[in-house]
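For reference, the chains in residue letters:
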Amino acid sequence: MDAFVFLKGLPAVLGRRLLRLPLGGSVPHRRRSDEGRDREATGRAQRRVKDYASLTPARIGQLIERDATVRSAVNDQDVRLIRLIVILHNAVTVIVLLVCAALVGLGIWLIARPEPLSIVPRPPTAARGWTDLALTDLDAVKIEWDAKGATESVSVFLENVDTSSRTAKKAVLADVRSVTFSADELHDVANNRKYRGKNRVRTVVEWSGQAVRSDVAEIFVGIKYRLMIGGTLITPQGSRSINTLVATIDDSTEQMPRDYCFAVDFAGWSRSGSALVAPLKSCNSKSEVASPFLQQVEWNRQPGLVLNEPLPDRPIARLCIAAPQRPDNDC
């Protein structure tokens, strides 16, 4: 017999045994008075059975231990079986309570825990925010991203999608939301060095075993135009002062067209306070330029260069002046 089936029928058995009623059959030759007493006893037995039917296994075990009448109605095997059922019932109750507590704790943790970190990176842009110029490898590049959720440390770098080359990683907190790569660092991924060439680069952000990538941005090969004032030309006949104007890629004319020529305007202020604009033309094959206007320049005010020709190179042109009078130049 299954233990729980036995326990389910135990209250009825106890009620019948306590009242000393036969479990089945009939007694012959009863008198009517005896039949009335039997019906009354049967009614009491049914009421007692209803009382015992609501007992739990633990309460039945306690009843057997405390009530001698009940104890006499069951044998030793019944007692052992009831005790085993009580132990199993208590174990199941404890397990249920533990599971409920674990579920409650899990629910509280899910509600209270911070939202997992999520990041949406943006393509590289020029740090100076030029609108009329293309992004070149001569510019500092700003990397930005949107972040929400838990604050974690992230690693940020640039990746060339064609060559898979990468810059060094920069570790910052996710809520910083931006880092800057210098032009020197950018050269690690600007593998194409040809004249008017470009490199396709994207932002990569890594954290906790995850990595997200931005859309691709085109970074062009920049051309640097330098007006170098106060140089010295040494020849077998002697030395003299020289001013040169040259266009380079990576400080060299090797990647530039051999017959490359261009025109710029020197813009500054004269010592009399008026604007000074002087046109200059040069070729890489012959870079010396005449500049008689230099004696009129007020060097305490920042001069500059503007590229006039060739027009297609204007967006990728970066111009500077190197002069003894301007030791803070960025050439």
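Before reading on, note that the structure itself is shown above.
S.K.: How do you make sense of the overall build of the chain when you look at a structure like this?
M.R.: When its secondary structure is counted, the chain shows six helices and 15 strands. Every one of the 331 residues in the chain was classed for burial, and the buried ones make up 34%. Here the contacts in the chain between residues at least 6 apart in sequence split such that 60% fall between residues at least 24 apart.

S.K.: Where do I start with the pairing of strand β8 (residues 210-213) in this structure?
M.R.: The side chains of a regular strand alternate between both faces of the sheet. Pairing of strand β7 (residues 198-207) with β8 involves four bridges; the strand directions are antiparallel. Residue pairing for β8: glutamate 206 is matched across the bridge by alanine 211. Linkage of β7 to β8, two consecutive antiparallel strands, is achieved through a turn of two residues, within which serine 208 is found at a positive phi near 45°.

S.K.: In this structure, what is going on with the sheet that holds strand β15 (residues 317-322)? I would like to understand it.
M.R.: Two strands in a sheet stick together by hydrogen bonds in their backbones, pointing the same way (parallel) or opposite ways (antiparallel). With respect to topology, three strands assemble into an open sheet ordered β11-β10-β15, the strand pairing being mixed. Pairing within the sheet leaves two strands with one partner each, and these edge strands are β11 (238-248) and β15. For this sheet the average axis-to-axis angle between neighbouring strands, irrespective of direction, equals 25°. With six bridges connecting them, strand β10 (residues 223-235) and β15 associate as parallel partners. Directly across from methionine 228, in β15, lies its bridge partner alanine 322.

S.K.: Would you explain the side chain of aspartate 139 in this entry?
M.R.: Mapping aspartate 139 onto the fold places it in the loop between β2 (125-126) and β3 (141-148). Polar contacts involving the side chain of aspartate 139 include one to the main-chain amide nitrogen of threonine 136, which spans 2.9 Å. Only 2.9 Å separates the side chain of aspartate 139 from the side chain of arginine 318, close enough to count as a polar contact. Ignoring sequence-local partners within four residues, the contact set of aspartate 139 consists of Trp130, Ala134, Ala183, Leu186 and Arg318.

S.K.: Got a minute to help me understand the state of the cysteines in this structure?
M.R.: Here, the word disulfide means a covalent bond between the sulfur atoms of two cysteines. Applying the stated rule across the entire model yields one disulfide. Disulfide pairing is shown between cysteine 261 and cysteine 283; the S-S distance is 1.8 Å. The sign of the S-S torsion, about 105°, decides the handedness of the disulfide formed by cysteine 261 and cysteine 283: right-handed. Highlighted residues: cysteine 261 in strand β12 (residues 261-269) and cysteine 283 in strand β13 (residues 275-283), separated in sequence by 22 residues.

The rules we used
- Residues numbered from 1 in each chain as written.
- Predicted model: local features only at pLDDT ≥ 70, side-chain atom pairs only at ≥ 80, totals over all residues.
- Heavy atoms only, no water.
- Helix = DSSP H or I, 4+ residues; strand = E, 2+ residues; numbered from the N terminus.
- Buried < 20%, exposed > 50% of the residue type's maximum accessible area, 1.4 Å probe, protein only.
- Contact = heavy atoms within 4.5 Å.
- Pairing = 2+ DSSP bridges.
- Axes fitted to C-alpha atoms, helices over the stretch in contact; angles between N-to-C directions.
- Polar contact = N/O pair within 3.5 Å; in protein donor to acceptor, adjacent residues only side chain to side chain.
- Disulfide = S-S within 2.5 Å.

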